[in-house]
Amino acid sequence: MKSKIIEPIEGIFREVFDDPNLKISEKTHSADVPGWDSLAHMSLVTSIERHFGIRFALGELQDLKNVGEMMALIEKKQ
Amino acid sequence: MFSLPDDSNDFILKKRALRRQLLSDANSIFVPKRIAILGGSTTHEFKDCLELYLLECGIKADFYQSEFDKYYEDSVFSNSELNAFDPELVILFISVANIKCWPGVRNSKEEVEQIASAEIKRYRTCWDKLFDRFSCPIVQNNFELPSYRILGNADCTDHRGGVRFVNTLNNKMAEEAGSSSGIYIHDLCYDAACYGLDRWHDRAAWHSYKLAFKIEATPFVAKSMANQISALFGRTRKCLVLDLDNTIWGGVIGDDGLGGIRLGPETAEGAAYIEFQQYIYQLHERGVLLAVCSKNENHNALSGLRHPEGVIRPENFACIIANWESKSDNIKKIAQSLNIGLDSLVFVDDNPVERDIVRKFNPQVVVPEVGDRVEEYRMKIDRAGYFDTLSVLDEDVNRTRMYIENSKREVLAGSFDSYDDYLASLQMEAEIAPFREEYYDRIHQLINKTNQFNLTSKRCSREDVVGWSLDPEKITIFARLADKFGDNGLTSVVIANIKGVVATVDLWLMSCRVIKRGLEFAMMEVLLRECNDRGLIELRATYKKSQKNIMVQNLLKDLGFSLQLKHEVGDTDWRLLISDEIRPPIHKIKVNP
């Protein structure tokens, strides 16, 4: 299941950071990706919400600083 | 040419790549501009989107952004970083979230009025302080309607209502901006209405990121503001080029005939074409040039434009090209005949193949994806903001008329073997007479703005013009020229000083609008007659060389003067002995008929 959703997430990351070779894993943290600031975070969250047809709750947004947590939340909401 | 996606989600997802692509377009030349965004909300996303749309318009902006909600502080108090940035444009990016004080249910009408005035005064202060420091234009958002109505429908009528309050603020702000120069209101209220208020307001985006509206609305707002900024920097389009069949009427005039095309209120389709023609006519009236580029027989095109139910007429077009040549070539001809760049054109055609061809071969021409549904053309052209304008001046309306007349003259000129035949065919008539009070303003304006056809480049005050007109030792002559295409107005002025039996030309100039019509010869004829009547025996004149008046270095020779002296700086002295033998110069103008 997890491997299925990491692919589109990686695609979104590549678009947002304009880097076709960017690799991400469950362990990727915001500090690991150059340019992952609050602005890029906004674009990531918006694009992920749209792709998976979900909405994150206000309380969930602050903690979404690594890919593993993102994936867990997406799965929970799908 | 690279163009930005319409889908706002794509836009936000891919903006880094889009930026890279726009900047790498080898054909683009960018004008640099320094733009300060002083925001009442987080403006980074907006800045990113605005940057892309400005690049698309050929503007490469450097940005300064205020800290969140520090627009007032940055405007009113000195800020060394902003001072050093020295903006060429300031955007006050505020929204309904920045209204400091709302009316309460206990406020009287007078109190609400005071609250509204105080709110607007805050922006007035920002504008004044910013203008003092930077003397640059300011674009200021107005307020969008609020997301809820505590009084329900009464919110728009009761003086304590939020909707009424926002409307009041917007009206006051429009008045305040209208009475000062350099302040341009960005109609955020209209943006939000177009986008849909319920989609627009996003409280999660506000609480999480302090965004004024839903993040997906950002490209839409940025596009709308980029159009306004383009207009500010004089980069909007000037001319709407239209296909005919299935674009401004339904059907094909060559096949269906005048009676067969759909245009008129009887059918839904015909009514939609009328509506589109009305929109085009309104654009024409406010100064947008119109042209036809159609694959048609010329006579069929013209008969369609004279359809009894039609709104736009052949005479509303600055240029009509209907033939079977390629549209990309014909569009070049249109630009040439109007003497404007291809980058001033917008081409509208229902046929996707023609749109593609024009895009491919004339990449500077903008070709909107209007689709093939006539009822949507108006909205698609309007939203794209190609013809965004700061305000409408009388000159705009007249400019269209002059372009149209001039291009008619050019078409006519092409059909004659000799230029003299062409001039004769224009049926020109001129009024050439001493200065009169009703023309003092125009004469003053002309003297101070004419650079090219100007013998001495002398400038003056309006009082000078009045003084000279009343001075018996001066000969003053103005000329108005009209022809069969229209009136060019007052376009030429000559002044000479009399001393004894000698008159010396002090000033001789002409607007470029009427160059090469022989008007200078008609004026010379009148000047010579005037000298004769006054018993003068000699005319003197000097060509004073300037940066821009090479055009008239041989004027005096052409008028029959003989060269006396060449000065080192390029000035030349001339004279002409007045006698009965002098034959007046030849021209094709009927003087004072």
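Remember, it's a predicted structure, so these values are computed and weren't measured experimentally. (Residues numbered from 1 in each chain as written. Chains lettered and ligands numbered in written order. Predicted model: local features only at pLDDT ≥ 70, side-chain atom pairs only at ≥ 80, totals over all residues. Heavy atoms only, no water.)

## A few points about the overall build of chain B
Reasoning step 1: Helix and strand content of chain B: 23 helices and 17 strands.
Reasoning step 2: Across the 593 residues in chain B, those meeting the buried criterion constitute 50%.
Reasoning step 3: A sequence separation of at least 24 residues applies to 70% of the contacts in chain B between residues at least 6 apart.
Reasoning step 4: Here chain B displays about 27700 Å² of accessible surface, and carbon together with sulfur accounts for 48% of that area. (Helix = DSSP H or I, 4+ residues; strand = E, 2+ residues; numbered from the N terminus. Buried < 20%, exposed > 50% of the residue type's maximum accessible area, 1.4 Å probe, protein only. Contact = heavy atoms within 4.5 Å. Areas by Shrake-Rupley, 256 points an atom, 1.4 Å probe, with all protein chains shown as cover.)

## Here's the deal with the packing of aromatic side chains
Reasoning step 1: One pass over the full model with this rule turns up 19 aromatic pairs over all chains.
Reasoning step 2: Here Phe13 of chain A and Phe17 of chain A contribute two aromatic rings whose centre-to-centre distance is 5.9 Å and whose plane-to-plane angle is 40°, an arrangement assigned as tilted. Like Phe13 of chain A, the residue Phe17 of chain A is buried in the burial classification.
Reasoning step 3: Here the aromatic cluster, defined as three or more aromatic residues joined through ring pairs, consists of Phe46, Phe93, Tyr195, Trp200, Phe213 and Phe220 of chain B.
Reasoning step 4: The ring of Tyr123 of chain B has Arg122 of chain B sitting right over it, with the charged end atom 5.3 Å from the ring centre. (Phe/Tyr/Trp six-rings, centres within 6.5 Å; stacked < 30°, edge-to-face > 60°. Lys NZ or Arg CZ within 6 Å of the ring centre and 35° of its normal.)

## Re empty space enclosed by the protein
It is the rolling of a water-molecule-sized probe over the atoms that shows where space remains empty.
Residue and element names in this part refer to chain B.
Reasoning step 1: This model, assessed by the stated rule, comprises one cavity of 30 Å³ or more.
Reasoning step 2: Within this model, the largest cavity holds a volume of roughly 50 Å³.
Reasoning step 3: What lines the largest cavity is simply Ser41, Thr42, Glu45, Phe46, Phe93, Leu211, Ala212, Phe213 and Thr218.
Reasoning step 4: Tallied by class, the residues present in the lining of the largest cavity amount to five nonpolar, three polar and one charged. (1 Å grid on protein atoms, 1.4 Å probe; cavity = no way out; pocket = protein on both sides within 12 Å on 5 of 7 lines; lining within 4 Å. Points joined across faces, edges and corners; volume = space filled by probe spheres on them. Nonpolar A, V, L, I, M, F, W, Y, C, P; charged D, E, K, R; others polar.)

## Topic: the sheet that holds strand β1 (residues 31-39) of chain B
Residues and elements named next belong to chain B.
Reasoning step 1: In spatial order, the strands read β2-β1-β3-β4-β5; together these five strands make up an open sheet with parallel pairing. If you trace the sheet from one side to the other, it starts and ends with β2 (59-65) and β5 (183-186), each paired once. Between one strand axis and the next, the sheet turns by 25° as a mean value, whatever way the strands run.
Reasoning step 2: Where β1 meets β2, seven bridges bridge the pair, whose relative direction is parallel. Within the sheet, the bridge partner assigned to Lys33 lies in β2 and is Ala61.
Reasoning step 3: Across the sheet, helix α3 (residues 44-56) touches β1, β2 and β3 (89-93), and the angle it forms with β2 is around 165°. (Pairing = 2+ DSSP bridges. Axes fitted to C-alpha atoms, helices over the stretch in contact; angles between N-to-C directions.)

## Some points on the pattern of salt bridges
All names here are of chain B.
Reasoning step 1: The tally for this structure, following the rule as stated, stands at 40 salt bridges over all chains.
Reasoning step 2: Close ionic contact of Arg34 with Asp86 constitutes a salt bridge, the shortest N to O distance being 3.7 Å. With Arg34 in strand β1 and Asp86 in the loop between α5 (80-85) and β3, the pair connects residues that are 52 residues apart, well separated along the chain.
Reasoning step 3: For Arg34, a relative accessible area of 30% puts it in the partly exposed group.
Reasoning step 4: For Asp158, the salt bridge identified is with Arg160, shortest N-O distance 2.9 Å.
Reasoning step 5: Look at Arg160 and you get partly exposed, because its relative accessible area is 29%.
Reasoning step 6: In this structure, a network of salt bridges that share partners links the residues Lys15, Glu45, Lys47 and Asp48. (Salt bridge = Lys/Arg side-chain N within 4 Å of Asp/Glu carboxyl O.)

## Digging into the interface of chain B and chain A
Reasoning step 1: Between chain B and chain A, the contact holds 20 residues from the first and 17 residues from the second.
Reasoning step 2: Surface buried jointly by chain B and chain A totals about 1600 Å² across both partners, of which 57% is contributed by carbon and sulfur atoms.
Reasoning step 3: Among the residues of chain B in contact with chain A, Leu13, Arg16 and Tyr209 of chain B are the three that bury the most area, contributing 41% of the side total.
Reasoning step 4: At the surface where chain B touches chain A, the tally comes to three salt bridges.
Reasoning step 5: Asp18 of chain A is the salt-bridge partner of Arg20 of chain B, the closest N and O atoms lying 2.8 Å from each other.
Reasoning step 6: Seen at the junction of chain B and chain A, the total is two residue pairs in polar contact (both at pLDDT 80 or more). (Buried area = accessible area lost by both parts, 1.4 Å probe. Polar contact = N/O pair within 3.5 Å; in protein donor to acceptor, adjacent residues only side chain to side chain.)

## Thoughts on unusual backbone geometry
Residues and elements named next belong to chain B.
Reasoning step 1: You will see that Asn246, though not glycine, has its phi angle at about 60°, which is positive.
Reasoning step 2: If you check the backbone angles, Lys516 has positive phi at about 65° while not being a glycine.
Reasoning step 3: Locating Lys516 in the fold gives a position in the loop between β13 (502-510) and α22 (519-533).
Reasoning step 4: Residue Lys516 is classed as exposed on the basis of its relative accessible area of 59%.

## Here we look at helix α7 (residues 162-178) of chain B
Helical geometry note: an α-helix holds 3.6 residues per turn, so side chains three or four residues apart project in the same direction.
Residue and element names in this part refer to chain B.
Reasoning step 1: Between its first and last C-alpha, α7 extends 24 Å over 17 residues, near the 24 Å set by a 1.5 Å rise per residue.
Reasoning step 2: Buried within α7 are the following residues: Gly162, Val163, Phe165, Val166, Leu169, Asn170, Met173 and Ala177. Looking straight down α7, one finds its buried side chains confined to an arc of 160°; they lie on one side. Along α7, exposed side chains directed more than 90 degrees from the buried face belong to Asn171, Glu175 and Gly178. (Expected span 1.5 Å × (residues − 1). Arc of directions from axis to C-beta.)

## Details of the sheet that holds strand β9 (residues 345-348) of chain B
All names here are of chain B.
Reasoning step 1: As summarised here, the arrangement of the four strands in space is β8-β7-β6-β9, forming an open sheet in which the pairing is parallel. Because the sheet does not close on itself, it has two edges, and the strands there are β8 (319-323) and β9. Within the sheet, the average angular offset between the axes of one strand and its neighbour, ignoring direction, is 15°.
Reasoning step 2: Two elements, strand β6 (residues 239-242) and strand β7 (residues 289-295), share four bridges in a ladder whose sense is parallel. Across the sheet, residue Leu240 finds its bridge partner in β7, namely Leu290.

## Thoughts on the packing of helix α20 (residues 440-449) of chain B against helix α21 (residues 462-470) of chain B
Residue and element names in this part refer to chain B.
Reasoning step 1: Interhelical geometry of α20 versus α21 gives an angle of 115° and a closest axis separation of 9 Å. In this structure, α20 crosses over α21, and the sense of that crossing is right-handed. Only Arg462, Val465, Val466, Trp468, Ser469 and Leu470 of α21 make contact with α20, whose side of the interface consists of Tyr440, Asp441, Ile443, His444 and Ile447.
Reasoning step 2: Taken together, the residues that form the contact of α20 with α21 break down as seven nonpolar, two polar and two charged. (Left-handed = near helix turned anticlockwise from the far one by under 90°.)

## Brief notes about the nonpolar core
Residue and element names in this part refer to chain B.
Reasoning step 1: In terms of nonpolar packing, the biggest core is built from 43 residues, with Trp508, Leu519, Met524, Leu527, Leu539 and Phe561 touching the most fellow members.
Reasoning step 2: With nine residues, the top contributor of residues to this core is α22.
Reasoning step 3: Among residues more than four places away in sequence, those in contact with Leu519 are Ala430, Ala479, Leu481, Thr491, Ser492, Met510, Val514 and Ile589. (Core = buried A, V, L, I, M, F, W, Y, C linked by side-chain atoms within 4.5 Å.)

## As for the pairing of strand β10 (residues 429-433) of chain B
Reasoning step 1: Relative to strand β11 (residues 474-483) of chain B, β10 of chain B runs antiparallel, the two sharing five bridges. Within the sheet, the bridge partner assigned to Ala430 of chain B lies in β11 of chain B and is Leu481 of chain B.

## A few points about helix α17 (residues 374-384) of chain B
Residues and elements named next belong to chain B.
Reasoning step 1: For α17, the complete set of buried residues consists of Val374, Tyr377, Ile381 and Ala384. All buried residues of α17 lie within an arc of 70° about the axis, which places them on one face of the element.
Reasoning step 2: In this structure, the buried residues of α17 make contact with α11 (218-232), α13 (268-285) and β9.
Reasoning step 3: The positive-phi residue at the C-terminal boundary of α17 is Gly385, with phi of around 65°.

## Thoughts on the environment of Asp350 of chain B
Residue and element names in this part refer to chain B.
Reasoning step 1: Mapped onto the elements of the fold, Asp350 is located in the loop between β9 and α16 (352-361).
Reasoning step 2: Between the C-alpha atom of Asp350 and that of Arg373, which follows or precedes it by 23 residues, the distance is 8.1 Å.
Reasoning step 3: Apart from residues no more than four positions distant in its own chain, Asp350 is found in contact with Asp243, Asp245, Asn246, Thr247, Arg355, Gly371, Asp372 and Tyr377.
Reasoning step 4: A distance of 3.0 Å separates polar atoms of two side chains, one belonging to Asp350 and the other to Thr247.

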